[in-house]
Amino acid sequence: MASYAMSDDKLRVFLRRQRRGDKTVQPPPLGKFLGATLEMATRLVPSHGACLLLDHPELRRDVSGSPLIFVSVVGTGARQIVGYQISSRKGLEGRVYRKGTTVVRDNKSHGSTMYAQLDEFAPFEGQSLVAVPVNLEQAICGVLVLIQRRGRSVYSARDVQLVELFSGYISRAILNAVDIIKQNELAQYDPLTNIYNVRNLMPLLETDIRRSQLNGDDLAVMFIDLDRLKPVNDRYGHQFGSEAIKRAAQALQTTIGQDGVVFRFGGDEFVVILPRTDIKAANLLAEDLLKAIRKQIPGPMPEGGKVPKMTASIGIATLHSCLNGKTSRGSKNLSSASRLLTIADRA
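Rules used throughout
- Residues numbered from 1 in each chain as written.
- Predicted model: local features only at pLDDT ≥ 70, side-chain atom pairs only at ≥ 80, totals over all residues.
- Heavy atoms only, no water.
- Helix = DSSP H or I, 4+ residues; strand = E, 2+ residues; numbered from the N terminus.
- Buried < 20%, exposed > 50% of the residue type's maximum accessible area, 1.4 Å probe, protein only.
- Contact = heavy atoms within 4.5 Å.
- Areas by Shrake-Rupley, 256 points an atom, 1.4 Å probe, with all protein chains shown as cover.
- Phe/Tyr/Trp six-rings, centres within 6.5 Å; stacked < 30°, edge-to-face > 60°.
- pLDDT = per-residue confidence, 0-100.

**Student:** How should I be thinking about the overall build of the chain in this particular structure?
**Tutor:** Of the regular secondary structure elements, the chain holds 11 helices and 14 strands. The buried share of the chain, taken over its 347 residues, is 49%. Once local pairs closer than 6 in sequence are excluded, the contacts in the chain between residues at least 24 apart make up 65%. In the form shown here, the chain has an accessible surface area of approximately 17500 Å², with 48% of it arising from carbon and sulfur atoms.

Structure (C-alpha cells):
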C-alpha cells in the first residue's frame, strides 16, 4: 500500500515555532517516517487507509482558526490529498481537533466528516473510521485518522487503544523533530530579531565572494549602526532599545527583500551582503534603508510609551574596490571577506 507525505521542507512550517534547543544537528527524514508509521498502523489495525492532519501554528490564533492540512496519507488518492486542507471548525475531524476527544464512526454513518470534499480522489463517505487527537506537549496539533476497518463494520475498543498509541508515537517523533529544528534555528538566527546571527556571516560572505569572482560580478557589503542607542536605553529602558533593534531589522529586511542578506552583527550593529551590487546601486539602496529606519522605528509600545525617532549610519565597501587596491591601511593582509567588513565598518 503506497503512502505519501509532504516534503521535509514543507513539513518544517508545522514544527519550527514550537520549542527551543541549543545544538545544531541534522533533522531526520520526517516525511518518510510519518508515511511508514501510517502504513504500520493500517497493518496492525487492518484498514484501507490512514491520514495525518496537522494544524498551521502561525494561524492557530487567527479568528477563523488554523486549517487542518493533510501532511501524510496512506491509501486511495493519497498523492492528490497530501497538502489539501479542511476547516478545523467543521466536521468530525474538526471536532476531534477542537475538543481533544477520540471519535469512532461505523460504516452506516453519513455526513459527519469533511472528507466529502475529497470524494473525487477517494470515497470516504459511508466508511468506518476512528479519529484521535495528536498532541504536542499540552496542545493539540492535529488529528490521526484510520479509515474503513477491514473485516468489520466498526473499530473496536482495542483498535482505538492501538490508534491512540500510534498517535502518541507520532507526537513524540514530531516533538523530537521540533527540538532539532529549533536547535538549528537558534544556532543560525538571532533570537531578538529573527535574522541571521554573526555565526553565519563569514561562511556566507566567503561563498558569495567566490561566486562573484567566478562570474565577474561586483558585491557590496554594508555595515549599519543605529545612532545613539545608549541614550534611548538610559532614558526609556532597555526594552525600548530592544524594540528599536527589532524594528530596525524589520526595516532592513523589508527594504532589501530578496536582493541581499541581513545579519545582526551584535548590539545595535547590522551587516548586509548584496551580491551583484556595485557602489552606485549600494549608495542608492543605503538612502532607502536610512529612510525606512527613520520611518519604522518610532511608534507606540504594547506596554505603553513610544519608541523615539532614531537614525543610523551606513558604511559601504565593494569587492571590486578591494581588488583594485582601494583598501584602508592595515587591511591589505586580510582575506577578501575580512577586508570588505573592515572597510565597511570604518566607512
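**Student:** Could you clarify how one ought to interpret the packing of aromatic side chains in this entry?
**Tutor:** Both the distance between ring centres and the angle between the ring planes are used here to describe each pair of aromatic rings. What the rule picks out here adds up to five aromatic pairs. The interplanar angle of 70 degrees and the centroid separation of 5.6 Å between the aromatic rings of F33 and Y169 together place this pair among those described as edge-to-face. Separated by 136 residues along the polypeptide, F33 in helix α2 (residues 30–44) and Y169 in helix α5 (residues 157–188) bring together distant segments of the chain. The exposure class assigned to Y169 is partly exposed, which follows from its relative accessible area of 37%. For the pair F223 and F265, a centre-to-centre distance of 5.0 Å together with 65 degrees between the ring planes defines the contact as edge-to-face. Of this pair, F223 sits in strand β9 (residues 219–226) while F265 sits in strand β10 (residues 261–266), and the two are 42 residues apart along the sequence. Given the relative accessible area of 6%, F223 is considered buried. A network of ring pairs unites the aromatic residues Y189, Y196 and F263 as a single cluster.

**Student:** Quick question: what am I supposed to make of the confidence of the model for the chain here?
**Tutor:** The share of residues in the chain with pLDDT of 70 or more is 82%, and the mean pLDDT across the chain is 83. In this model, residues 17–24 is a region of pLDDT below 50 whose contacts with residues beyond four sequence positions or in other chains number 23 contacts. Ignoring residues within four places in sequence, the model shows residues 326–330, a span with pLDDT below 50, making nine contacts including any to other chains.

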